[in-house]
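# Overview (structure and organization)
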Amino acid sequence: MKYDPAIHHRRSIRLRGYDYAWAGAYFITVCTQNRRCLFGDIAGGKMGLNDAGEMVVRWFFELNNKFPDIECDEFVCMPNHVHFIVVHPGTEKGEHAGSPVQVPAVVQWFKTMTTNAYIRGVKGHGWPPFPGKLWQRNYWDRIVRNEPELDRIREYIRTNPARWESDALNASRTG
């Protein structure tokens, strides 16, 4: 079907009026397409990464090299999604020195690099193929409002594997 703006509406989940280049911490969740578990398994409340999961972790830590204006904070790779925090220490509201890093550009780069590496893993190492896209089209983000919230989100990320059985992103859970 050809794109028709009268009937095809893509609703943005970004905070309206907020400039994602402003200084701050951002909590990001990115899910695999159809929540397919491709990055390992949870056993005993701990995430056991497979080779694909290890690759995702490596690309997360490459964000610092690609985007020196951001800092990688807490991170977890789950069987079918990742949670992470990036901190943009630079631009204050209303000030734009040069070309500030946009958080959506960081997420897009991460998704692109991990997708390309995963495709190489499918071709060269027999990783399970994925239909269509590796990652869902969108992602969730939360602008972290203060230090206590940042601490709560960090704890949430660290303890996410222990809650896998009840995790809403666990496509295999029942009930």
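Now for a quick tour of the structure.

Each value, and the rule that gives it
Residues numbered from 1 in each chain as written. Predicted model: local features only at pLDDT ≥ 70, side-chain atom pairs only at ≥ 80, totals over all residues. Heavy atoms only, no water. Helix = DSSP H or I, 4+ residues; strand = E, 2+ residues; numbered from the N terminus. Contact = heavy atoms within 4.5 Å.

## Side note on the environment of Ala52
- Its location among the elements puts Ala52 in helix H1 (residues 51–66).
- Taking the C-alpha atoms as reference points, Ala52 and Gly121, separated by 69 residues in sequence, lie 7.4 Å from one another.
- In this view, Ala52 contacts Leu38, Phe39, Tyr118 and Trp127; residues no more than four positions away in its chain are not counted.

## So, the side chain of Arg154
- In this fold, Arg154 is placed in helix H3 (residues 147–158).
- Not counting residues up to four positions away in its chain, the partners in contact with Arg154 are Asp73, Glu74, Ile85 and Glu147.

## Section: the environment of Pro104
- Tracing the backbone shows Pro104 in helix H2 (residues 103–125).
- Taking the C-alpha atoms as reference points, Pro104 and Ile28, separated by 76 residues in sequence, lie 9.9 Å from one another.

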